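# Remarks on the overall topology
Below are the chains, spelled out letter by letter.
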Amino acid sequence: MRLVPLLELRGLSVRLPAEPVPVHALRGLDLELLPGERLALVGESGSGKSTVLLAIAGLLPDEAEITGGRRFPALGREPTPGRDLGLVLQDPFASLDPVLSVGEQIGEVLVAHRGARWAEARRAAVVLLGRVGIAEPEARVDDPPHRFSGGQRQRIAIAMAIAAGPRLLLADEPTSALDTVVQAQILDLLDGLVREQGTALLLVTHDLAVASRIADRIAVLYAGRLVESGPAFRLLRSPRHPYTRALLAIARALEAGGGEPLAAIPGAPPEPGAELPGCSFAPRCPLASARCAEERPAWRGHPRDGVACHLVGS
Ligand SMILES: Nc1ncnc2c1ncn2[C@@H]1O[C@H](COP(=O)(O)OP(=O)(O)O)[C@@H](O)[C@H]1O
Ligand SMILES: [Mg+2]
């Protein structure tokens, strides 16, 4: 039997007003997430990753022009952010309110979305702080965010995001502001929590190494379009798109070199407003032919395991 997807994006396009020309941040994105599945969305800065998460959460600015569909078949209704969707952002210093205690902020989610009373919400906040690895949570629950380190704040932000028991956790580069050791701890924490609760995870990252630690499936975004997606083991072992191969080479070089400067991909992504007729990666692709610059490659293979590249056989 085919599983009913939790989330389905069909031909999602997003244009954001900007000067001198509007930014076409997403250009016809198809994406599916099954209940409990852990998908990493990978791409360079500016590829549209955050826009995907905001579109899913219904949090794009009012002036955004959105076309295409976003559905939640397994939920059967529009999701409520906070209750059905948990959101973890990159900056653990910006995502918490500086004047409220961490217990009040976690408790507020339970009061708003689970109809909890304040006394029980505070007790639940203590339990949640313990679950995300804050030591002596009873003693810390009334502390404000500035009494915690960056890594601890990200743990608290995760506690808020999972407090109401959402079906889907959206995490936007949740570890890129943290040092390497803390990064690994936070990824392990996220991994454990979503497995325990059966929560689906959509993790946005620019780093394939981060994706490989946690994802069942990886989707690679380039200039607002998917260029490849597939099961993590397949994509990491035999990447098909030249861009995926380049990202993988960077991740491997970083791992081997222990923090050497990025062996960056030569060139830059197209200007955010540019309309290229062919493959957006062609100008930077070491293998590109004339056809790549002229004709947009269609998606080949399965929707959940395929690639958009003229150079790859179906
Ligand atoms: N509110 C906005 N107004 C105009 N352009 C935006 C806005 N938000 C994002 N963009 C542009 O949309 C593109 C995709 O951005 P984003 O989704 O943030 O990428 P990523 O998260 O992969 O770095 C970028 O070119 C960015 O500059
Ligand atoms: Mg982003």
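Residues numbered from 1 in each chain as written. Chains lettered and ligands numbered in written order. Predicted model: local features only at pLDDT ≥ 70, side-chain atom pairs only at ≥ 80, totals over all residues. Heavy atoms only, no water.

### Examining the site of ligand 1
In the vicinity of ligand 1 lie 13 residues, with Gly46, Gly48, Lys49, Ser50 and Thr51 positioned nearest. One nitrogen or oxygen atom from the main chain of Ser47 is found 3.2 Å from an oxygen atom belonging to ligand 1. Ser50 places a polar side-chain atom, nitrogen or oxygen, 2.9 Å from an oxygen atom of ligand 1. If you list the elements that add at least two residues to the shell around ligand 1, you get strand S2 (23–33) and helix H1 (49–57). (Near = heavy atom within 4 Å. Polar contact = N/O pair within 3.5 Å; in protein donor to acceptor, adjacent residues only side chain to side chain. Helix = DSSP H or I, 4+ residues; strand = E, 2+ residues; numbered from the N terminus.)

### With respect to a nonpolar patch on the surface
On the surface, Leu54, Leu59, Leu87 and Leu89 cluster together into a nonpolar patch covering about 290 Å² of accessible area. Structurally, the position occupied by Leu87 is in strand S5 (residues 85–88). (Patch = residues over 30% accessible without salt bridge, like charges linked within 9 Å, V, L, I, M, F, W, Y side chains within 5 Å. Areas by Shrake-Rupley, 256 points an atom, 1.4 Å probe, with all protein chains shown as cover. Salt bridge = Lys/Arg side-chain N within 4 Å of Asp/Glu carboxyl O.)

### Quick word on the packing of helix H5 (residues 150–162) against helix H6 (residues 180–197)
Direction vectors running N to C along H5 and H6 enclose 15 degrees, while the axes themselves pass 10 Å from each other. Our classification of the angle between H5 and H6 gives roughly parallel. In this structure, the crossing between H5 and H6 has a hand that is right-handed. Across the interface between the two elements, Gly151, Gln154, Arg155, Ile158 and Ile162 of H5 pack against Val182, Gln185, Ile186, Leu189, Leu190, Leu193 and Gln197 of H6. (Axes fitted to C-alpha atoms, helices over the stretch in contact; angles between N-to-C directions. Parallel < 35°, antiparallel > 145°, perpendicular 65-115°, else oblique. Left-handed = near helix turned anticlockwise from the far one by under 90°. Contact = heavy atoms within 4.5 Å.)

### Thoughts on the side chain of Gln105
Within the fold, Gln105 resides in helix H2 (residues 102–114). Relative accessible area serves as the criterion here: at 6%, Gln105 is assigned to the buried category. In terms of polar contacts, Gln105 uses its side chain to reach the backbone carbonyl oxygen of Leu100, at 3.0 Å. Each residue touching Gln105, except ones within four places of it in the same chain, is listed here: Leu96, Asp97, Leu100, Pro145 and Met160. (Buried < 20%, exposed > 50% of the residue type's maximum accessible area, 1.4 Å probe, protein only.)

### A closer look at the pattern of salt bridges
Throughout the structure, instances matching the rule amount to 25 salt bridges. Across the pair Arg131 and Glu196 runs a salt bridge, and its minimum N-O distance is 2.8 Å. A residue pair is termed long-range when its members are at least 10 positions apart, and Arg131 in helix H3 (residues 118–131) and Glu196 in helix H6 qualify at 65 residues. Residue class for Arg131 comes out partly exposed when judged on its relative accessible area of 33%. We note a salt bridge from Arg147 to Asp143, for which the minimum N-O separation is 3.8 Å.

### What about the sheet that holds strand S4 (residues 65–71)?
Taken in spatial order, the three strands line up as S2-S1-S4 in an open sheet, and their pairing is antiparallel. In this open sheet, the two strands that pair with only one neighbour each are S2 and S4. Neighbour-to-neighbour, the strand axes of the sheet open up by a mean angle of 5 degrees, direction not taken into account. For strand S1 (residues 7–16) and S4, the ladder comprises six bridges, and the chain directions are antiparallel. The residue bridging Arg10 from the neighbouring strand is Gly69, located in S4. Contacts between H1 and the sheet are confined to S1, S2 and S4, with S1 contributing the most and set at about 115 degrees to the helix. (Pairing = 2+ DSSP bridges.)

### Looking at H2
Over its 13 residues, H2 extends 18 Å from the first C-alpha to the last, a length consistent with the 18 Å expected when each residue adds 1.5 Å. Those residues of H2 not exposed but buried are Val102, Gly103, Gln105, Ile106, Gly107, Val109 and Leu110. Elements in contact with the buried residues of H2: H3, helix H4 (137–140) and H5. (Expected span 1.5 Å × (residues − 1).)

Structural measurements only, silent on function.
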